Amino acid sequence: MSRTDFTRPAPVRISDLVAPEYPEGTAAAFEMLAPLAEELEWTSGAVLSQAVAETGLEDFGDGLHEAPLASLVRAMPSEGDLSVLGRLSCYSTLVGYARQKLLATDLLKRHPEIHDIEVERPVVIAGQGRTGTTHLHNLMSADRSFRTMPYWESLEPVPPLAEQGVDHGPNVEDDPRFGRCAESLAGLNGALPHFKRMHDMTPEHAHEEIALLAIPYGGMAPETMAAMPSHRDWYLASDQTPYYEYLKTMLKVLMFVRPTGADRWLLKSPQHVEQLGPLMSVFPDATVVCTHRDPVAVAESMSTMLAYTARMSRNPETVRDVGLYWIDRMQRMFRAMADERELVPAGQSIDVRFHEFMADDLAVVRDVYELAGHPWSPQAESAVSGYLALHPRGVHGSVTYHIEEDFGVDPGALAADLRFYVDRFGVEVEG
């Protein structure tokens, strides 16, 4: 399929965005699961003990996880307003992070040479969601001279002990982790049929390193699981540098577990816009691509997308609050980027405005390569052009946004509050 030879589906309005209507049988399923959710023990000890029992390992390596996990087990059940499914899912995710920390610690003890692997001159895309970061990440990751982390690998960067040491060859679909990810996504797309219109997820697409920061419960990934003001405040007040150092170690772990022949990382996460200090402290030789878009358009899109996904985990009568949480959260992140942009040296950074990127995405990619000193080879051009041809924009359709009707937020007032960002970065106001 080329970028033009398809019929774009009509946009949809998610009419039940803030008052979800569930398929028949959902209530009965929740009722059946309720006893399991009620048995959960929301303590750090219980979460860590379950991970120990599941892995047979006991050494977490350090105490980096202790403070954020203590914050999460307090905030998640009390502030998250989680449904039965949400409690089970979030608890399972917390255990999964602990399981990965155990596995990573064990691997590093058995193979201390992993620490000697170099992570040099990464290219880091730092921009809020809906500013073109995913498109840029996918375009550049099509060039296999960059090392990226596919989604299936992000969920289980270190395989279970029973699956370690197995060479699956070039076909990643033979890795059991790939199959588990595919099954999970099938369930997601079935439960949230409009999600792919906003953010298409596949096992092989390049994913964010926010998943690695989350292993010791660092970063802002837990906020996407549940809106928790107290944990947000803990995160924003904490020094995230040790978590970025842990991220760097995990990049080395990935290079050891699954060598690809590429050793220059291409990274991307919205979190970086408010953590430019820790990012540059740990990766001082990074090339940073700062993406910008009309902040009202970003707030509209992000609040809609995260409110829509919240129907899977939050009590339905308060789903609206998730959208409001993220509209406020976006404003904090825009202010952080405006205040801290100069922490990245001018010679190592570039500002990419959404309207310019959408007008000529290939030209922007070439500009990034030039700044990063990365070869724009015929193979790279063919790979990036091939990705563009096979992944036309809007192939799944789009969603319309109605933040005034859905969340009671006046777009004009929001635009006035965020005018500083438009003026600071010269973005084009949309709509």
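So, how was this worked out
- All residue numbers refer to positions counted from 1 along the written sequence of the respective chain.
- At least 70 in pLDDT is required for a residue's local features to be given in this predicted model, at least 80 for side-chain atom pairs to be given and counted, and no such filter applies to totals for whole chains, interfaces and linings, which use all residues.
- Heavy atoms from the whole structure form the basis of all side-chain values; hydrogens and water molecules are not counted.
- Each helix corresponds to a stretch of at least 4 residues labelled H or I by DSSP, and each strand to a stretch of at least 2 residues labelled E; elements are numbered beginning at the N terminus.
- Each helix should span, by expectation, one fewer than its residue count multiplied by 1.5 Å.
- Each residue gets one of three labels from its accessible area relative to the maximum for its type: buried under 20%, exposed over 50%, partly exposed in between, using a 1.4 Å probe on protein chains only.
- In the sections that follow, a salt bridge refers to a side-chain nitrogen of Lys or Arg positioned within 4 Å of a carboxyl oxygen of Asp or Glu.
- The arc refers to the directions leading from the helix axis to the C-beta atoms.
- We call two residues contacting when some pair of their heavy atoms lies within 4.5 Å.
- Distance and chemistry together define a polar contact, namely a pair of N or O atoms within 3.5 Å, with one atom able to donate a hydrogen and the other to accept it when in protein, and with adjacent residues in sequence counting only for side-chain atoms on both sides.

(A) Inspection of helix α12 (residues 241-257) at higher detail. Given a rise of 1.5 Å per residue, 17 residues ought to cover 24 Å, and the 24 Å separating the end C-alpha atoms of α12 matches this to within 8%. Burial of α12 is extensive: 12 of the 17 residues sit out of reach of the surface. For α12, the full list of buried residues reads Thr241, Tyr243, Tyr244, Tyr246, Leu247, Thr249, Met250, Leu251, Lys252, Val253, Leu254 and Met255.

(B) View of the pattern of salt bridges. In total, this model carries 24 salt bridges according to the counting rule given. Of the charged contacts, one joins Arg424 and Glu342 as a salt bridge, the two residues approaching to 2.6 Å between their closest N and O atoms. Within this pair, whereas Arg424 is found in helix α21 (residues 419-425), its partner Glu342 is found in the loop between α15 (319-340) and β5 (349-353), the two being separated by 82 residues in sequence. Residue class for Glu342 comes out exposed when judged on its relative accessible area of 57%. Asp423 is the salt-bridge partner of Arg419, the closest N and O atoms lying 3.0 Å from each other. A residue pair is termed a helical-turn pair when its members lie 3 or 4 positions apart in one helix, as Arg419 and Asp423 do in helix α21 at four residues.

(C) Main features of helix α7 (residues 176-191). Given a rise of 1.5 Å per residue, 16 residues ought to cover 22 Å, and the 23 Å separating the end C-alpha atoms of α7 matches this to within 8%. All of the buried residues in α7 are Arg177, Phe178, Cys181 and Leu185. When α7 is viewed along its axis, its buried side chains cluster within an angular range of 90 degrees and face the same direction. Every exposed residue of α7 that faces more than 90 degrees away from the buried side is listed here: Glu183, Ala186 and Gly190. Contacts from the buried residues of α7 go to α6 (151-155) and α12. In this structure Asp175 caps α7, since a side-chain oxygen of it lies 2.9 Å from the backbone nitrogen of Arg177.

(D) Broad picture of the environment of Val322. By the secondary structure assignment, Val322 is in helix α15. With relative accessibility at 7%, the residue Val322 sits in the buried group. With 94 residues separating them along the chain, Val322 and Met228 place their C-alpha atoms 9.8 Å apart. Residue contacts for Val322: discarding those within four places in its chain leaves Leu306, Ala307, Ala310 and Arg314.

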